[in-house]
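Structural characterization, general
Listed below, chain by chain, are the residues.
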Amino acid sequence: MAEGPARRALRLLASLGAPAVSAEAREGRWIGPYVVVLLDCDARCAVEYWLRVAPVARREVGVPVFVLWTGEADLPPEELGRYAGEAMAAMGVFPALEEPGDVRRELEEGWE
């Protein structure tokens, strides 16, 4: 039986030493299939692994890979946004909103 993208993402992150807890394959309206991996660490650590995986995600996993974390949100919203943009660009994923909005305001409110 062929290995699915969630298992491939877990294997890839484990090979880097990431504290991966779980992975889930999902389908997005705008980006199609992708994987979300939960890491048992703070935001800064999770983003560091994400930036290492993003450039090879499509080749190694077959779909974009995103991360969530269990620990503290120890990055300011502006820094997280910059890193998210870098990771998404490396995977060929470009942000889009269904309706116009203030992304910075949304990030700041979600951070509180």
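Residues numbered from 1 in each chain as written. Predicted model: local features only at pLDDT ≥ 70, side-chain atom pairs only at ≥ 80, totals over all residues. Heavy atoms only, no water.

Things to note about the packing of aromatic side chains
What counts, and what does not: Note on ring pairs: Phe, Tyr and Trp rings are taken, using the six-membered ring of Trp, and paired if centres are within 6.5 Å. Classes follow the plane angle, with under 30 degrees stacked, over 60 edge-to-face and the rest tilted. Strands here mean DSSP runs of E at least two residues long; helices mean DSSP runs of H or I at least four residues long; both are numbered from the N terminus. Each residue gets one of three labels from its accessible area relative to the maximum for its type: buried under 20%, exposed over 50%, partly exposed in between, using a 1.4 Å probe on protein chains only.
Going through the model one piece at a time under the given rule, you end up with two aromatic pairs. Judged by centre distance (5.6 Å) and plane angle (85°), the ring pair of Tyr-34 and Phe-66 falls under edge-to-face. Placement of Tyr-34 in strand S2 (residues 32–39) and of Phe-66 in strand S3 (residues 65–69) is noted, with a sequence separation of 32 residues between them. Accessibility expressed as a relative area gives 17% for Tyr-34, which makes it buried. Ring geometry for Trp-50 versus Phe-66: centroids 5.8 Å apart, planes at 50°, classification tilted. In this pair, Trp-50 is assigned in helix H2 (residues 43–53) and Phe-66 in strand S3, connecting sequence segments 16 residues apart. Like Trp-50, the residue Phe-66 is buried in the burial classification. One aromatic cluster is present, built from ring pairs that chain together Tyr-34, Trp-50 and Phe-66.

Regarding the pairing of S2
Note the following rule: Strands qualify as paired when DSSP identifies two bridges or more between them.
Within S2, six of the eight residues are buried, leaving the element largely enclosed by the surrounding structure. In this structure, strand S1 (residues 20–28) lies alongside S2, joined through eight bridges in antiparallel fashion. Pairing of Arg-26 across the sheet is with Tyr-34, part of S2. Where S1 folds back on S2, the antiparallel hairpin that results is connected by three residues. Bridge count between S2 and S3: five bridges; the pairing is parallel. Residue pairing across strands places Val-36 opposite Phe-66, the latter belonging to S3.

Any functional reading would require information that these geometric values do not contain.
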